[in-house]
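Fold and geometry: a report
Residue-level listing of the chains:
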2 protein chains.
Amino acid sequence: MSMFNKAAIIGTGLIGGSMAIAIKKKRLAREVIGISRHKSTLLWAKKRHWIDKGSQDLSAIRGSDLVVLAAPVNTILKQADTVARFAGKECLITDVGSSKKQIVNKLSAIFPNFVGGHPLAGSEKRGIVNASEDIFKDYLCILTPGDKTRAAALNRIKRLWLGLGARVAVMDAEKHDRILSFVSHLPHAVAFSLIGIIPQEYIRFGASGLKDTTRVASSDHKLWSDIFLSNRKNMISSMAAFEKNLRRIRSAILNRDEKTLVAILKKANIKREALG
Amino acid sequence: MSMFNKAAIIGTGLIGGSMAIAIKKKRLAREVIGISRHKSTLLWAKKRHWIDKGSQDLSAIRGSDLVVLAAPVNTILKQADTVARFAGKECLITDVGSSKKQIVNKLSAIFPNFVGGHPLAGSEKRGIVNASEDIFKDYLCILTPGDKTRAAALNRIKRLWLGLGARVAVMDAEKHDRILSFVSHLPHAVAFSLIGIIPQEYIRFGASGLKDTTRVASSDHKLWSDIFLSNRKNMISSMAAFEKNLRRIRSAILNRDEKTLVAILKKANIKREALG
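Described below are features of the structure shown in this document.

The rules behind each value
- Residues numbered from 1 in each chain as written.
- Chains lettered and ligands numbered in written order.
- Predicted model: local features only at pLDDT ≥ 70, side-chain atom pairs only at ≥ 80, totals over all residues.
- Heavy atoms only, no water.
- Contact = heavy atoms within 4.5 Å.
- Buried area = accessible area lost by both parts, 1.4 Å probe.
- Salt bridge = Lys/Arg side-chain N within 4 Å of Asp/Glu carboxyl O.
- Polar contact = N/O pair within 3.5 Å; in protein donor to acceptor, adjacent residues only side chain to side chain.
- Helix = DSSP H or I, 4+ residues; strand = E, 2+ residues; numbered from the N terminus.
- Nonpolar A, V, L, I, M, F, W, Y, C, P; charged D, E, K, R; others polar.
- Buried < 20%, exposed > 50% of the residue type's maximum accessible area, 1.4 Å probe, protein only.
- Arc of directions from axis to C-beta.
- Axes fitted to C-alpha atoms, helices over the stretch in contact; angles between N-to-C directions.
- Parallel < 35°, antiparallel > 145°, perpendicular 65-115°, else oblique.
- Left-handed = near helix turned anticlockwise from the far one by under 90°.
- Patch = residues over 30% accessible without salt bridge, like charges linked within 9 Å, V, L, I, M, F, W, Y side chains within 5 Å.
- Areas by Shrake-Rupley, 256 points an atom, 1.4 Å probe, with all protein chains shown as cover.
- Lys, Arg positive; Asp, Glu negative; His and termini not counted.
- Charge placed at Lys NZ, Arg CZ, Asp CG, Glu CD.
- Pairing = 2+ DSSP bridges.

Looking now at the interface of chain B and chain A. Across the contact, 77 residues belong to chain B and 77 residues belong to chain A. Interface area for chain B against chain A, summed over the two sides, is near 7,900 Å², with a carbon-plus-sulfur share of 69%. When residues of chain B are sorted by the area they lose upon contact with chain A, Phe205, Lys271 and Arg272 of chain B head the list and together hold 10% of the total. Where chain B packs against chain A, one counts six salt bridges. Between Lys222 of chain B and Glu258 of chain A there is a salt bridge, and its shortest N-O distance comes to 3.2 Å. Summed over the shared surface of chain B and chain A, the result is 32 residue pairs in polar contact (both at pLDDT 80 or more). Sorting the residues of the side of chain B that touches chain A by element identifies strand E7 (140–144), helix H6 (173–197), helix H7 (208–214), helix H8 (221–230), helix H9 (232–254) and helix H10 (258–275) of chain B as the ones contributing at least two each. Among the elements that line the side of chain B that touches chain A, the one with the most residues is H9 of chain B, at 16 residues. For the side of chain B that touches chain A, a count of residues per class yields 43 nonpolar, 17 polar and 17 charged.

Turning to its location among the elements, Ser218 of chain B is positioned in the loop between H7 and H8. Every residue in contact with Ser218 of chain B, bar those within four places of it in the chain, is listed here: Asn269 and Arg272 of chain A together with Glu124 and Arg126 of chain B.

Turning next to helix H2 (residues 39–47) of chain B. Note on helix geometry: an α-helix contains 3.6 residues per turn, so any two residues three or four positions apart are oriented the same way. All names here are of chain B. All buried positions along H2 are accounted for by Thr41, Leu42 and Ala45. Buried positions in H2, seen along its axis, are confined to an arc of 95° and lie on one side of it. Of the exposed residues in H2, those oriented more than 90 degrees away from the buried face are Lys39, Ser40, Leu43 and Lys47. Looking at the buried residues of H2, the elements they touch are strand E2 (29–35) and strand E3 (53–55).

On to the packing of helix H9 (residues 232–254) of chain A against H9 of chain B, then. Running from N to C, H9 of chain A and H9 of chain B cross one another at 170°; their axes reach a closest spacing of 11 Å. The angle between the axes of H9 of chain A and H9 of chain B places the two elements in the roughly antiparallel class. When you trace H9 of chain A past H9 of chain B, the crossing you get is left-handed. When H9 of chain A is examined against H9 of chain B, the residues Arg232, Met235, Ile236, Met239, Phe242, Glu243, Leu246, Arg247, Ile249, Arg250, Ile253 and Leu254 of chain A are found in contact with a partner set consisting of Arg232, Met235, Ile236, Met239, Phe242, Glu243, Leu246, Arg247, Ile249, Arg250, Ile253 and Leu254 of chain B. Tallied by class, the residues present in the contact of H9 of chain A with H9 of chain B amount to 16 nonpolar, no polar and eight charged.

Taken together, the side chains of Lys244, Arg247, Arg248 and Lys267 of chain A together with Lys244, Arg247, Arg248 and Lys267 of chain B make up a positively charged region of the molecular surface. Going through the elements one at a time, H9 of chain A together with H9 of chain B are the ones with two or more residues in the positive patch.

It is worth spelling out the sheet that holds E2 of chain B at this point. Residues and elements named next belong to chain B. The sheet built from eight strands is open, its strands ordered E3-E2-E1-E4-E5-E6-E7-E8 with mixed pairing. Of all strands in the sheet, those with a lone pairing partner are E3 and strand E8 (167–170), marking the two edges. Geometrically, the sheet is characterised by an average inter-axis angle of 25° between neighbouring strands, direction not taken into account. Where strand E1 (residues 4–10) meets E2, six bridges bridge the pair, whose relative direction is parallel. Bridge pairing in E2 places Lys6 opposite Glu31. Sheet strands in contact with helix H4 (residues 101–110) are strand E4 (66–69), strand E5 (92–95), strand E6 (114–119) and E7, and its direction is about 155° off that of E6.

What follows is about the packing of H9 of chain A against H6 of chain B. Where H9 of chain A meets H6 of chain B, the closest approach of the two axes is 9 Å, and the angle between their N-to-C directions is 125°. The angle between the axes of H9 of chain A and H6 of chain B places the two elements in the oblique class. Crossing hand, H9 of chain A versus H6 of chain B: right-handed. Where H9 of chain A approaches H6 of chain B, its residues Ser238, Ala241, Phe242, Asn245, Leu246 and Ile249 of chain A are matched on the opposing element by Ala189, Val190, Phe192, Ser193, Leu194, Gly196 and Ile197 of chain B. Residue composition of the contact of H9 of chain A with H6 of chain B, grouped by class: nine nonpolar, four polar and no charged.

Structural data, given as structure tokens:
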């Protein structure tokens, strides 16, 4: 038996699109509705039987028992009130936004059955053309219940993600945002900044080191501007910590302080090893 | 007919080892001598017929018509005088060091037939166990002749690298070091710095974004300390330019200046696209 009768995915990009495919193929819902601003996206998904119906209108979520908000953070915040007009009281609401505090604060106050979520999958690739049912497999999905989240709602969303092949961790939104500011948002800021200052005429000399280090700078600028601004305080802290460490390296180079430099780099070697 | 009679590779790590294999397999030299501090490395290479002879002693280069210096930058600088004692006047000398000015300055004064080189291959992996004849294929090798470099010597080293499957660019050492400070040395400094400040307990939440962005922080700390210090002035400039751009991003986040933030990230998207 399916977990859900009618699942609506709002925002069928890389993550939302992949959820639609996986929910459909693993039969976690009897019916999957895709909602997108782009008609071409909906046609693409419909043609491949990844969704049963597509709509450009939020009213299409009517009658759903699961709604997944999968647009960029700022759009999720803007859509919430409209979604509330069409979603029934018993409907389970979740999202996949990359920062959680703003979303959890606002959506917990609106929806009795909201559970925030963030699958640490995805990549610099975008859109439904890169979606696949396997992208969550063995990746961690962090769920961020609020003070009033019902245990039953949390459990169903947990089962959804386990059903999609992910591992699940549960923590509060504040902790999520602090951790993500270091392990995801800061690396993106660094990559955007790094590629930005490479002189155009040097780009052709870039080899695998530059490519790896700046790969995530291909990520959507609008999406990431949203994420940075929605996790503003943590971003400022993690960026400041990074800048301080970089200045330590710069000053060791400036002072020809080989001993300090080797010590910093050796410690980094060990830390990187642990990341796998 | 082979290009060389006896080729000696000093430092049979990832790059030197790969050169030995490729020279041997493509029959670019009749005899290949490997020189390493580590007996195990030489035994590994000898057993696989990647070198004809191995030695821990620089005197083994006697009688070579090609000597490749493939140790870290600082070691190359230290070995030069000893190499000069054993290398004949007609012997072609080249190196693979990642910064060129110090090496070209010193070695051009010692050897009548020296041509500096830097294959932009290699990776965070190290040692002869990761060596392979294919690592130079389609990669760029930059050659950095000095004022007095003979055209015949430059041409033979160029033919050597083309023979190894690389593409070749020629420029002076100063230009090489300026370019590399941006496209290679800075990304390494950034990666070392980034992984260094991720709190240990957050490491397990690191996904592909953090992994890509810090991959080169696995690179050998001693090797990279050498490179940073040998390209000191350019490193200071490129790091300062990067820090300035990062501060622009931080201040846009701090001031909730979405327009500026989006503009910086969008420009980065386009630049990253060009890198391929």
